[in-house]
Amino acid sequence: RIIDGRWGYFFILPAYIPFLIFIAYPLFNGMRLSLYDASLTGEEFIGLENFRRLLQDEAFLRGLQNTIFFVIGVVPAALFLSLFIAVMVFPLRKHIQSFFRLAFYLPVVASGVILSMVWLWIYSPTFGLFNYVLTSVGLPRVQWLGDSSTALPSLALVVLTWILGQPIILYLAALGNIPTELLEAALIDGANAWQQFWKVTFPLLLPTTLFVLVTQTIGVFQVFVVVLLMTRGGPAYSTMTIVYDIWQTAFDFYHFGYASAMGVVLLLIVGTIAVVQYRFLGREVEY
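Now for a look at the structure at hand. It should be emphasised that the depicted structure is a prediction, and the values quoted were computed from it without experimental measurement. (Residues numbered from 1 in each chain as written. Predicted model: local features only at pLDDT ≥ 70, side-chain atom pairs only at ≥ 80, totals over all residues. Heavy atoms only, no water.)

## Some points on the nonpolar core
Ranked by internal contacts, the top residues of the largest apolar core, which has 63 residues, are F70, V74, V220, V226 and M230. The element that contributes the greatest number of residues to this core is helix α4 (residues 58-89), accounting for eleven residues. The contact partners of V226, leaving out residues within four places of it in the chain, are S116, L155, V158, V159, W162 and T231. (Core = buried A, V, L, I, M, F, W, Y, C linked by side-chain atoms within 4.5 Å. Buried < 20%, exposed > 50% of the residue type's maximum accessible area, 1.4 Å probe, protein only. Helix = DSSP H or I, 4+ residues; strand = E, 2+ residues; numbered from the N terminus. Contact = heavy atoms within 4.5 Å.)

## Looking at the packing of helix α12 (residues 206-221) against helix α15 (residues 256-281)
Packing of α12 against α15 leaves a shortest axis separation of 10 Å and a crossing angle of 165°. Taken as axis vectors, α12 and α15 run roughly antiparallel relative to one another. Seen from above, α12 lies across α15 with right-handed handedness. The residues of α15 that touch α12, namely those facing L210, L213, V214, T217, I218 and F221, are L266, I269, V270, I273, A274, Q277, Y278 and L281. (Axes fitted to C-alpha atoms, helices over the stretch in contact; angles between N-to-C directions. Parallel < 35°, antiparallel > 145°, perpendicular 65-115°, else oblique. Left-handed = near helix turned anticlockwise from the far one by under 90°.)

## Examining unusual backbone geometry
Residue P235 follows G234 across a cis peptide bond; omega there is -5°. With respect to the helices and strands, P235 occurs in the loop between α13 (225-230) and α14 (242-251). For Y254, which is not a glycine, the phi torsion comes out positive at approximately 60°.

## Concerning the packing of aromatic side chains
With the rule as written, the count across this model stands at 18 aromatic pairs. With 5.2 Å between their ring centres and 10° between their planes, W198 and F202 make a pair best called stacked. On the criterion of helical spacing, the pair formed by W198 and F202 is a turn pair, its members being four residues apart in helix α11 (residues 193-204). Its end group placed over the ring of Y258, R53 keeps NZ or CZ at 3.9 Å from the ring centre. The ring of F280 carries R279 above its face, with NZ or CZ at 5.9 Å from the centroid. (Phe/Tyr/Trp six-rings, centres within 6.5 Å; stacked < 30°, edge-to-face > 60°. Lys NZ or Arg CZ within 6 Å of the ring centre and 35° of its normal.)

## Notes on the environment of L145
Tracing the backbone through its elements, the reader meets L145 in the loop between α7 (129-136) and α8 (151-163). L145 sits in the buried class, given a relative accessible area of 17%. Setting aside chain neighbours within four positions, we find L145 in contact with L120, Y123, A151, S154, L155, M230, T231 and P235.

## Describing the packing of helix α9 (residues 165-177) against α12
How two helices sit against one another is set out by the angle between their axes and by the gap between those axes. At a minimum axis distance of 10 Å, the contact between α9 and α12 shows a crossing angle of 165°. Overall, the two elements α9 and α12 adopt an arrangement that is roughly antiparallel. Both α9 and α12 take part in a crossing whose hand is right-handed. Each of Q166, P167, L170, Y171 and A174 in α9 lies in contact with α12, whose residues at this interface are T208, T209, F211, V212 and Q216. Tallied by class, residues from the contact of α9 with α12 come to six nonpolar, four polar and no charged. (Nonpolar A, V, L, I, M, F, W, Y, C, P; charged D, E, K, R; others polar.)

## Points about helix α2 (residues 13-33)
Residues three or four positions apart in an α-helix share a direction because the helix packs 3.6 residues into each turn. Compared with an ideal rise of 1.5 Å per residue, which puts 21 residues at 30 Å, α2 spans 28 Å between its outermost C-alpha atoms and is within 8% of the ideal. Of all the bends in α2, the largest measures some 40° and sits at L20. Turning to α2, its buried residues number three or more, namely A24, G30 and L33. Tucked inside the fold, the buried residues of α2 contact α3 (49-54) and α15. (Expected span 1.5 Å × (residues − 1). Bend = angle between axes of the 7 residues up to and from the residue.)

## Thoughts on the side chain of T241
Looking at the secondary structure, you find T241 in the loop between α13 and α14. Discounting chain neighbours no more than four positions away, the residues touching T241 are G63, T67, F70, V223 and V227.

## Brief notes about the side chain of T150
On the secondary structure map, T150 appears in the loop between α7 and α8. Not counting residues within four places of it along the chain, the set of residues in contact with T150 comprises V142, Q143 and W144.

## Thoughts on the layout of surface pockets
Put simply, the largest pocket is a space of about 800 Å³. In terms of lining, the largest pocket is formed by 26 residues, of which the most central are P26, L27, I246, G263 and V264. If one sorts the elements of the lining of the largest pocket by residue count, α15 sits on top with ten residues. Here the lining of the largest pocket is built from residues that sort into 20 nonpolar, six polar and no charged. (1 Å grid on protein atoms, 1.4 Å probe; cavity = no way out; pocket = protein on both sides within 12 Å on 5 of 7 lines; lining within 4 Å. Points joined across faces, edges and corners; volume = space filled by probe spheres on them.)

Quick look at the structure:
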């Protein structure tokens, strides 16, 4: 039986080997490099010096602040909007549901480069859609991506539209798994539509909400493409994020050890937040 049980490892080998090569090894090697002054010319062990430098690095601290803004602003908005849209779409006919599933999920599978180009046109200060609307009602044009006061919220809106599709699909699937008998029992007891949602539907959606919260938090912490293509961290570090700072430090300045230290800090932050989310929201739901 022991020999038979080992066959399971053989079947997962095609996925296990790429995991070791492309995920596990880079992860542990990055942790090792965070203790070195590593560049194209070689490596020198410096202990925790890279982490000390991070405490005085204006770009990194600003990137951390901006990334936290992204998470605090985008993730709750994505949760609320995706749940609201799913609840509105779920009672519709199946073919209409399918249309909305496709429409909302399309940005998730579309190329980030294409979507960034579309949003660059929308935010264009001269012929962009948003400024066209403003000027048509007599308001002045806005430098959406060129002003430090509007650049970060503008990128947050872009990220929000990108990530809504997956939570909507997940919530629609979860709503379809809730037994109708529970809602019918609540209706017989005199519960109105809001009470049915708040007392019955929403508690049964908590596992889905936890999954969406954790995955979207991790995803938003890794915001990169939209920053690279639309603002490159400017103006004046106003849209700098941790992942963009890591990329710039490693592949523009070739400070691989310092970039690895940033990655370790990001890993610790995201891991801690995920554990806290599971601690307070993780619970068994039976129905």
